[in-house]
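The primary structure of each chain is shown beneath.
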There are 2 protein chains.
Amino acid sequence: MVNIPKGTKDVLPYDSYKWHAVYKVIDKLAKRYNLKEIMTPTFEHTELFVRGVGDSSDIVNKEMYTFLDKGERSITLKPEGTAGVARSFIENGLFNNAMPLKTYYKTPCFRYEKPQAGRLREHHQFGVEMFGSDNPESDIEIFMLLNDFFNEFGISPTFSINYLGCKECNTVYKDKLRGYVKPYLKNMCPDCNNRYEKNVLRVLDCKSRECQSMLVDAPKLSDNLCTSCAEKFDKIKQTMQDLGLKFRIDTNLVRGLDYYTGVVFEILNIDKTSGQTALGGGGRYNNLVEDLGGKSTPVVGFGLGIERFILYLESIGYVFPEENNVDVYVASATDNMSFILNLAKLMRNAGLGVETDLMARGLKAQFKYADKLSCRFVVIVGEDEMNAGEVTVKDMKASTQERIKECQLVQYILERL
Amino acid sequence: MVNIPKGTKDVLPYDSYKWHAVYKVIDKLAKRYNLKEIMTPTFEHTELFVRGVGDSSDIVNKEMYTFLDKGERSITLKPEGTAGVARSFIENGLFNNAMPLKTYYKTPCFRYEKPQAGRLREHHQFGVEMFGSDNPESDIEIFMLLNDFFNEFGISPTFSINYLGCKECNTVYKDKLRGYVKPYLKNMCPDCNNRYEKNVLRVLDCKSRECQSMLVDAPKLSDNLCTSCAEKFDKIKQTMQDLGLKFRIDTNLVRGLDYYTGVVFEILNIDKTSGQTALGGGGRYNNLVEDLGGKSTPVVGFGLGIERFILYLESIGYVFPEENNVDVYVASATDNMSFILNLAKLMRNAGLGVETDLMARGLKAQFKYADKLSCRFVVIVGEDEMNAGEVTVKDMKASTQERIKECQLVQYILERL
């Protein structure tokens, strides 16, 4: 037989209720925060990600699913959600709408990584992109939204935050950092040597202990912000405090992608087996739209991995609301299929969840199956009932049984449910 | 700038409410019919589709997005939804559950086709697969479900149906058809010559008029069913009639995929610009699971293209329910961001859709924007109000304005909404 591709996963019929629980919360927040859903294709021209995500990122360098389509175009399965949304914003002239434009997406993402717990080659992300506002209110709204998202599952998150600064203060800081790093370079890892050339900021979050030990006295981003950026960062921190949004400063946090410019953040989970992983993260990327050929537009947003979030919820013992679909089982002791299915139809049209026998089971086996489905009512139809235009209704919760007119059935059940 | 890949489409923020309307109906039906969602990866090993969809189909022959991943495995973006679900059914031992197993999926599908109206290289499908029942009740349930789906949009569909028959009657019929077709072959199109070898049934739905003209006197499938299949088909037709499910027999309907065995059907739309297209279709494929290496299991199901269905709804003037997210706009005439955002937080926690100013607009521009959002309430906060712990609430519907205590705001709005 043919197996599932390595590093990918099925969500089985008896597990999808967990996804629904997460998606319901997303719908709720979309309403509360006035977010509109945007959907972009699963693949884009490869160039979009090279320009949008950046060629110093691991994603672009090592992990993309890139191939030629039948028209010899280089196509890449999207490794993250932001670049496609930004491309759509530009291409469809969405900047012509009154700003801000607050969008969200749910999308598969593809990264050719070594498969391990919480890291899949295809995973799904929920993300938000807010276009058009460079004011701290929009940064705070992102924090509030994510905070509400976690709150809905009974979790009070702490944000690790940092501030990368605008192009101006960034240029100054990058020079300082390059100056500091240069003498250590020959002892640092090849990745850091590469980062030094392409985006020196990213040496700050190198995972190698040796590299980190050399960076202890490196100049800090937060000490090198221009007045305007420093004021914005202060305002963000102050407002977070006022609103009860928990945070800690992480001066080395730069995120794995090249496009961030202002505030950046992550929500970390420290787990025994997989160590420290980010459940979600994001920040401000005011240059992205321009870098992709659009009119300069501020953007702030985040992404959150659904699979990893569900694993996290499971690890803390979160109880997902179950979905019990079946209100009524119609047990059939007659060959009159049309009669049975018509009963099912009437009840379904009234919004009830209904199952009937599709397996030609005997009455006893049908009761057993109805029991397995843990449905509230069992409607029994034999020849006797049918001829009298009646049905027998068993209420499994009240442990009662009544014979009623067929035409009263829907009403009878709706009243008792 | 980088453009969207040819033949793909964005769903823009102001269009996604149409998708939500369709997805809401799917959720509703999932509840009523006790369907469980299953999610399978976006790509599978290429072999799955060659074995599952069949190598006489146009999809497998011409239209697949196939490529080598970094591990040199041949991978294909799924061209349809069924093969992946069947693979998952086998690989995860879902046959060990009590049958039937009633699943549904919403998935992107990829076909390298010539882009035209309603035909995209990436489109989305809603589909249902019912495993485990070979009884006509399950065929009927599929028809009822699709009928309900269309009914929810005010449409009463007509099913074009045919019956392909089991392996036994099929083998006999295919021989007869091959015998009939053989003398015409040299005048038939290359595709039909290929189909003659691989799956002769598919000559029946050749789009070429010349080929069709040669098939006028071809033996009919429905005249060549074995007794058991003929009885089943009769029972299906009778029950459809009893339940008010409209249908017509189309003796040439075989569907474009190789895996069908029993009843097959389509819901056709005749459109001025794109001619006759199928809005949805499906049928029974009792050999598929076995062909893929699993234990013989009957399956019946259907697929429906979401983009094409939405285009159809638009063409008949269907009015999609709009999503107005914003109940309250908080207009700010103060620099106290925390005060404003805290008001928003309180109202959002109560489930209200709330917008505040993210653009540093003046009060007049904020009113204009609030008007654009057509929100019911505008809450105005100036220094004066703030110092008194109050807010001014304008009810845009009742055209009233009141100044109330800040702590009464949520209650005030909930009572009037």
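Visitor: Which residues make up the overall build of chain A, and what values go with them?
Guide: When helices and strands are tallied, chain A shows 15 helices and 16 strands. Its C-alpha atoms give chain A a radius of gyration of 28 Å, clearly above 22 Å, the size a compact globule of 417 residues would have. Structurally, chain A occupies a C-alpha span of about 95 × 55 × 45 Å along its principal axes. Within chain A, the fraction of its 417 residues that count as buried is 59%. Across chain A, the fraction of contacts at a sequence separation of at least 24, relative to all contacts at a separation of at least 6, is 68%. On chain A, roughly 16900 Å² of surface is accessible, and the fraction owed to carbon and sulfur atoms is 47%. Each charge class in chain A can be summarised by its mean position, and for the 54 positive and 56 negative side chains these summaries are 3 Å apart.

Visitor: I'd like to hear about the environment of Gly179 of chain A, residue by residue, with values.
Guide: Its place among the elements puts Gly179 of chain A in helix 6 (residues 167–181). When the C-alpha positions of Gly179 of chain A and Pro190 of chain A are compared, they lie 18 Å apart, and in sequence the two are 11 residues distant.

Visitor: So what about the packing of helix 1 (residues 16–33) of chain A against helix 11 (residues 306–315) of chain A? Which residues, and what values?
Guide: Angle between the axes and distance between the axes are the two parameters that describe a pair of packed helices. All names here are of chain A. Orientation of helix 1 relative to helix 11, taken along the N-to-C sense of each, is 110 degrees, at an axis distance of 11 Å. By the angle between their axes, helix 1 is roughly perpendicular relative to helix 11. Within the contact between the two elements, helix 1 uses Lys18, Trp19, Val22, Tyr23 and Ile26 and helix 11 uses Ile306, Glu307, Phe309, Ile310 and Glu314. Split into classes, the residues belonging to the contact of helix 1 with helix 11 amount to seven nonpolar, no polar and three charged.

Visitor: Please provide a residue-by-residue account of the sheet that holds strand 10 (residues 275–284) of chain B, values included.
Guide: All names here are of chain B. Spatial strand order, 1-5-6-11-10-9-7-8: eight strands in an open sheet with mixed pairing. On the outer flanks of this sheet lie strand 1 (36–37) and strand 8 (246–249), each paired with one strand and no other. The pairing of strand 7 (residues 158–163) with strand 9 (residues 263–271) spans five bridges and is antiparallel. Residue Asn162 lies in a different strand from strand 9, and its bridge partner there is Val264.

Visitor: Give me the lowdown on the relation of the copies chain B and chain A, citing residues and values where you can.
Guide: The two copies are related by a screw operation: chain B maps onto chain A through 180 degrees of rotation and 0.0 Å of translation along the axis, at an RMSD of 0.1 Å. Taken together, the rotation and translation relating the two chain copies correspond to the operation of a two-fold axis. For chain B, the minimum C-alpha distance to the rotation axis belongs to Phe67 of chain B and amounts to 3.2 Å. Same-surface contact between copies: 100% of interface residues of chain B are shared with the interface of chain A.

Visitor: Tell me about the interface of chain B and chain A, and name the residues and values.
Guide: Listed per partner, the contact involves 109 residues of chain B and 109 residues of chain A. Between chain B and chain A lies a buried interface of about 9400 Å² when both sides are counted; carbon and sulfur atoms form 59% of it. The largest contributions to the chain B side of the interface with chain A come from Val2, Met337 and Leu358 of chain B, which together make up 8% of the buried area. The tally of links from chain B across to chain A stands at eight salt bridges. Notably, a salt bridge pairs Asp10 of chain A with Arg87 of chain B, separated by 2.7 Å at the nearest N-O pair. In this assembly, chain B and chain A are joined by 46 residue pairs in polar contact (both at pLDDT 80 or more). Taken together, the residues that form the side of chain B that touches chain A break down as 48 nonpolar, 27 polar and 34 charged.

Visitor: How would you sum up the confidence of the model for chain A? Please name residues and give values.
Guide: Per-residue pLDDT for chain A has a mean of 93; in total, 98% of the residues score no lower than 70. Scoring of the predicted complex yields 0.94 for pTM and 0.94 for ipTM.

Visitor: Please provide a residue-by-residue account of the side chain of Glu63 of chain B, values included.
Guide: Looking at the element boundaries, Glu63 of chain B is found in the loop between helix 3 (58–62) and strand 3 (65–68). Salt bridges are absent for the buried Glu63 of chain B, whose nearest opposite-charge side chain, Arg111 of chain B, sits at 4.8 Å.

Visitor: Can you lay out the sheet that holds strand 13 (residues 354–356) of chain A for me, pointing to particular residues and giving the numbers?
Guide: Hydrogen bonds between backbone groups are what pair the strands of a sheet, and the pairing can be parallel or antiparallel. Residue and element names in this part refer to chain A. In spatial order, the strands read 13-12-14-15-16; together these five strands make up an open sheet with mixed pairing. Of all the strands in the sheet, the pair left with one neighbour each is strand 13 and strand 16 (400–405). Averaged over neighbouring strand pairs, the angle between their axes works out to 25 degrees when direction is ignored. In this structure, strand 15 (residues 390–395) lies alongside strand 16, joined through six bridges in antiparallel fashion. Within strand 16, the residue paired with Lys394 across the bridge is Gln401. Relative to strand 13, helix 12 (residues 337–349) is tilted by about 170 degrees, and along the sheet it contacts strand 12 (328–333), strand 13, strand 14 (377–382) and strand 15. The strands that helix 13 (residues 363–372) touches are strand 12 and strand 14; relative to strand 12, the one it contacts most, it runs at about 175 degrees.

Visitor: Please provide a residue-by-residue account of helix 6 (residues 167–181) of chain B, values included.
Guide: Residues and elements named next belong to chain B. For helix 6, built from 15 residues, the straight-helix expectation of 21 Å at 1.5 Å per residue is met to within 8% by its first-to-last C-alpha distance of 20 Å. Taken together, the buried positions of helix 6 are occupied by Cys169, Asn170, Tyr173, Leu177, Tyr180 and Val181. All buried residues of helix 6 lie within an arc of 95 degrees about the axis, which places them on one face of the element. Buried residues belonging to helix 6 abut helix 7 (190–198), helix 8 (209–214) and helix 9 (227–242).

So, how was this worked out
Residues numbered from 1 in each chain as written. Chains lettered and ligands numbered in written order. Predicted model: local features only at pLDDT ≥ 70, side-chain atom pairs only at ≥ 80, totals over all residues. Heavy atoms only, no water. Helix = DSSP H or I, 4+ residues; strand = E, 2+ residues; numbered from the N terminus. Rg over C-alpha atoms; globule rule 2.2 N^0.38 Å. Buried < 20%, exposed > 50% of the residue type's maximum accessible area, 1.4 Å probe, protein only. Contact = heavy atoms within 4.5 Å. Areas by Shrake-Rupley, 256 points an atom, 1.4 Å probe, with all protein chains shown as cover. Lys, Arg positive; Asp, Glu negative; His and termini not counted. Charge placed at Lys NZ, Arg CZ, Asp CG, Glu CD. Axes fitted to C-alpha atoms, helices over the stretch in contact; angles between N-to-C directions. Parallel < 35°, antiparallel > 145°, perpendicular 65-115°, else oblique. Nonpolar A, V, L, I, M, F, W, Y, C, P; charged D, E, K, R; others polar. Pairing = 2+ DSSP bridges. Least-squares fit on C-alpha atoms with pLDDT ≥ 70 in both. Buried area = accessible area lost by both parts, 1.4 Å probe. Salt bridge = Lys/Arg side-chain N within 4 Å of Asp/Glu carboxyl O. Polar contact = N/O pair within 3.5 Å; in protein donor to acceptor, adjacent residues only side chain to side chain. pLDDT = per-residue confidence, 0-100. Expected span 1.5 Å × (residues − 1). Arc of directions from axis to C-beta.

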